[in-house]
Amino acid sequence: MRSVSGIQTVRRILKTARAAGTIAFVPTMGALHEGHLSLMRKARRECDFLAVSLFVNPLQFGPQEDFEIYPRDLAEDRRKARGEGADLLWTPSVKTLYPSGFQTTVEVSYVSRLWEGASRPGHFKGVTTVVAKLLQIIQPHRLYLGQKDYQQTCVIRQMIRDLHFDIRLRICPTIREKDGLAMSSRNTRLSPAARETASLLYRALLTARRYALSGERRAKPILQAALAILESAPSLKLDYIGLCDAKTLAPLEVTTSRAVLLAAVQTDGVRLIDNIVLRPRTMMDK
Ligand code: AMP
């Protein structure tokens, strides 16, 4: 595995790799866990060359957010990426990707606006700007993202389409801890007590889905079923929970054949997001 930081070196390595076969790309912010590694494994199986980037992107953090204290462990990340058979680990610096005088950003309008976009103004603009830059430099055949960040997958899919990137998007399932908590680099910052209540987020989503699959189609009672669980832990602060169209992310009053529940909470000052795709009974019965 080559571990490099400069753009020209990356371009050189990728040029040779592209001539020899297909390129897979897994962008990350590091503090690698099983969720990231599952993406790398799938990418490794499907392509000839695996490029992984590791960059804590300041542009996607708000001024009051956790950019400074975001977990970082380069030595351990190197070991893990090598263990998964990555061919390239790219760790650009902030100056490399955002040299002084940089002026261009990429923004996806509609699908970025709701949910995470509403709670974290500018977040997706930061995400799409950095991902567009990374894609432009790596030029992979396939891009691997986790369903854990559901809205992010929708936003990036839209960007790929709108900017005519010739890339196949691969969405990988959310990897969870035994109690259902979605793995996240931020989980390391949870106190033992907060770690316990954090698992309520997925439990709430599962309960809401079960309710929907039992025949309830109205969004209000479905969401209420989830809220009852979240509200059982006063230390869990709800940011949002919504039932929405799986593609456009527009809020739904009743479930359809393509609906997803999205939720975000805070506990102990740590922000957690999760989601679950619903399949109404009519679909399951088919
Ligand atoms: P991050 O380092 O948090 O920016 O995540 C990098 C990539 O890993 C994104 O595509 C995430 O959706 C994905 N990812 C993060 N956590 C998980 C998880 N628990 N399961 C699957 N994919 C994940």
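Each value, and the rule that gives it
- Residues numbered from 1 in each chain as written.
- Predicted model: local features only at pLDDT ≥ 70, side-chain atom pairs only at ≥ 80, totals over all residues.
- Heavy atoms only, no water.
- Helix = DSSP H or I, 4+ residues; strand = E, 2+ residues; numbered from the N terminus.
- Rg over C-alpha atoms; globule rule 2.2 N^0.38 Å.
- Buried < 20%, exposed > 50% of the residue type's maximum accessible area, 1.4 Å probe, protein only.
- Contact = heavy atoms within 4.5 Å.
- Areas by Shrake-Rupley, 256 points an atom, 1.4 Å probe, with all protein chains shown as cover.
- Lys, Arg positive; Asp, Glu negative; His and termini not counted.
- Charge placed at Lys NZ, Arg CZ, Asp CG, Glu CD.
- pLDDT = per-residue confidence, 0-100.
- Polar contact = N/O pair within 3.5 Å; in protein donor to acceptor, adjacent residues only side chain to side chain.
- Salt bridge = Lys/Arg side-chain N within 4 Å of Asp/Glu carboxyl O.
- Pairing = 2+ DSSP bridges.
- Axes fitted to C-alpha atoms, helices over the stretch in contact; angles between N-to-C directions.

We now examine the overall build of the protein. When helices and strands are counted, the protein shows twelve helices and nine strands. In terms of overall size, the protein behaves like a compact globule, its C-alpha atoms giving a radius of gyration of 19 Å where 286 residues would be expected to give roughly 19 Å. When its C-alpha atoms are laid out on the principal axes, the protein stretches across 55 × 45 × 40 Å. Split into buried and exposed, the 286 residues of the protein put 53% on the buried side. Residue pairs in contact within the protein that sit at least 24 positions apart in sequence constitute 73% of those at least 6 positions apart. Of the roughly 13,900 Å² that the protein leaves accessible, carbon and sulfur atoms contribute 51%. The protein carries 43 positive and 27 negative side-chain charges, and their two centres are separated by 5 Å.

So, on to the confidence of the model for the protein. When pLDDT drops low, the exact placement of atoms in the prediction is not to be read closely. Across the protein, the average pLDDT comes to 95, with 98% of residues at 70 or higher. Predicted confidence for residues 282-286 stays below pLDDT 50, and this span has three contacts to residues more than four positions away or in other chains.

Inspection of the secondary structure assignment puts R271 in strand β9 (residues 270-278). Looking at R271, its side chain comes within polar contact range of the side chain of E116, at 2.8 Å. A polar atom in the side chain of R271 sits 2.6 Å from the side chain of D239.

What follows deals with the pattern of salt bridges. In this structure the tally under the stated criterion is 17 salt bridges. Note that E84 and R41 form a salt bridge whose closest N and O atoms lie 3.0 Å from each other. Taken as a pair, E84 in the loop between α3 (74-83) and β4 (88-90) and R41 in helix α2 (residues 34-46) lie far apart in primary sequence, 43 residues in all. Between R120 and E116 there is a salt bridge, with the nearest N and O atoms lying 3.9 Å from each other. An identical accessibility class is assigned to R120 and E116; each is buried.

Backbone-to-backbone hydrogen bonds pair the strands of a sheet. The strands run either parallel or antiparallel. The parallel open sheet is built from six strands, whose spatial order is β1-β4-β3-β2-β5-β6. Of all strands in the sheet, those bounded by a partner on one side alone are β1 (2-4) and β6 (168-172). Going from strand to strand, the sheet's axes swing by 20° on average, the running direction of each strand aside. When β1 meets β4, the two strands line up parallel, connected through three bridges. Paired with S3 across the bridge in β4 is L89. Strands in contact with α2 are β2 (23-28), β3 (49-54), β5 (142-146) and β6; relative to β5, the strand with the most contacts, it is inclined by about 155°.

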